[in-house]
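# Chain and residue survey
Residues per chain, in single letters:
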Amino acid sequence: MEYDLNAIVTPFVTSYIREKTVQTDDILRGLERYAEENNIPVAKPETARLLSVLTKLARPERVLEVGCAIGYSAITMAKGMGADGKIITLEHDANMVRLARENIEKAGLKDIINVVEADAKDYLSYIDEDEIFDMIFLDGPKAHYLYMLDDAVRLLKKGGLLVSDNILFKGMTADDGHFARRKVTIINRLREYIDALMKHPQLETSILSQGDGITLSVKTMSDFERFGY
Ligand SMILES: C[S@@+](CC[C@H](N)C(=O)[O-])C[C@H]1O[C@@H](n2cnc3c(N)ncnc32)[C@H](O)[C@@H]1O
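### Side note on the site of the ligand
Lining the immediate surroundings of the ligand are 18 residues, of which A43, G67, S73, E91 and D139 lie closest. One nitrogen or oxygen atom from the side chain of D119 is found 2.8 Å from a nitrogen atom belonging to the ligand. D139 places a polar side-chain atom, nitrogen or oxygen, 2.7 Å from a nitrogen atom of the ligand. Surface burial for the ligand is 89%, taken as the share of its 600 Å² of free accessible area covered by protein chains.

Right, here's the structure in full:
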């Protein structure tokens, strides 16, 4: 089977959505162009718009991002947060960290976004629960989402939102047996991750075919926590 690397739904639907999702912010438009010219994987425009809407809706005070790249999604989220908001974004590539910090400074958001140069899995395992987050965006190594899930749930406040990107991986996650053989590990891990999300006792998850596939998971509360009885 041939995969359209830009569309997991019908290509003309994707084109239509992209055509309508006009980026009006100059800095973000510049970063989209830079990412395209330099082959840096950043969130698709429609995914960035979803992140922006979700941030404005959920009004998180503290956000954790795994996978910063040049800071495009972090800047997108920061623009939807209040002046007291804080984003910690993890990135292990020193060059990306440098570019992200420059871009964040140019965007005037250095008091909101803290780029931490670290391996995400290691970093997550040593943040303690005092540092709880209202929203977590997983957009780092796709094959490692599964191994970050326990820490992500532990660090998410009740009622908080876990967003995981590229979950359908160009459609291959959903196409039983027809994916490129060299992608077998990543696809199997993403499938296991989706299964883990869907049956997780503390999460309620919706799978969207937006962009490259995205899951939205809410950390649920018990009836006692919601109603006090
Ligand atoms: C898809 S890009 C992130 C794009 C960014 N969220 C955006 O939309 O603007 C994934 C990033 O994760 C980083 N990454 C991969 N493995 C990592 C790890 N183990 N720890 C921290 N960062 C990692 C990569 O260097 C890359 O910059």
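### Some thoughts on helix 3 (residues 45-58)
Its 14 residues give helix 3 an end-to-end C-alpha distance of 20 Å, which sits within 8% of 20 Å, the value for a rise of 1.5 Å per residue. Turning to helix 3, its buried residues are E46, T47, A48, L50, L51, S52, L54 and T55. Residues of helix 3 that are buried sit in contact with helix 1 (11-20), helix 4 (72-78), strand 4 (133-138), strand 5 (156-165), strand 6 (203-208) and strand 7 (214-219). Where helix 3 terminates, the next one or two residues include R59, which has phi positive at roughly 45°.

### Quick word on the pattern of salt bridges
With the rule as written, the count across this model stands at seven salt bridges. Where D25 meets K79, a salt bridge forms, and the shortest distance between an N and an O atom there is 2.9 Å. Residue D25 is found in the loop between helix 1 and helix 2 (26-37), and its partner K79 is found in the loop between helix 4 and strand 2 (86-91); the two are separated by 54 residues along the sequence. Between D134 and K157 there is a salt bridge, and its shortest N-O distance comes to 2.9 Å. One end of the pair, D134, is in strand 4; the other, K157, is in strand 5, and 23 residues separate them in sequence. Judged by its relative accessible area of 16%, D134 is buried.

### Looking at the pairing of strand 4
In terms of burial, strand 4 is largely enclosed, as six of its six residues are buried. Alignment of strand 1 (residues 62-66) against strand 4, held across four bridges, turns out to be parallel. Each bridged residue has a counterpart across the sheet, and for L64 the counterpart in strand 4 is I136. In this sheet, strand 5 lies alongside strand 4 in parallel orientation, the contact comprising five bridges. Within strand 5, the position partnered with F133 by the bridge is L156. Once you follow strand 4 into helix 7 (residues 145-155) and on to strand 5, the crossover reads as right-handed.

### Focus: the sheet that holds strand 7
Here seven strands make up an open sheet; going across it, the order is 3-2-1-4-5-7-6 and the pairing mixed. Edge positions in the open sheet fall to strand 3 (113-117) and strand 6, since each of these has one partner strand only. The average angle at which neighbouring strand axes cross in this sheet is 15°, direction not considered. Helix 7 contacts strand 1, strand 4, strand 5, strand 6 and strand 7 of the sheet and is inclined by roughly 155° relative to strand 5. Each of strand 4, strand 5, strand 6 and strand 7 is contacted by helix 8 (residues 184-198), which is oriented at about 135° to strand 6, the strand it contacts most.

### Some thoughts on helix 7
Along an α-helix, residues three or four positions apart point the same way, because every turn accommodates 3.6 residues. Helix 7 sits mainly inside the fold: eight of its 11 residues count as buried. Where helix 7 is concerned, the buried positions are Y145, L146, M148, L149, D151, A152, V153 and L155.

Quick notes on the rules
Residues numbered from 1 in each chain as written. Predicted model: local features only at pLDDT ≥ 70, side-chain atom pairs only at ≥ 80, totals over all residues. Heavy atoms only, no water. Near = heavy atom within 4 Å. Polar contact = N/O pair within 3.5 Å; in protein donor to acceptor, adjacent residues only side chain to side chain. Areas by Shrake-Rupley, 256 points an atom, 1.4 Å probe, with all protein chains shown as cover. Helix = DSSP H or I, 4+ residues; strand = E, 2+ residues; numbered from the N terminus. Expected span 1.5 Å × (residues − 1). Buried < 20%, exposed > 50% of the residue type's maximum accessible area, 1.4 Å probe, protein only. Contact = heavy atoms within 4.5 Å. Salt bridge = Lys/Arg side-chain N within 4 Å of Asp/Glu carboxyl O. Pairing = 2+ DSSP bridges. Right-handed = clockwise from strand over helix to strand, strands pointing away. Axes fitted to C-alpha atoms, helices over the stretch in contact; angles between N-to-C directions.

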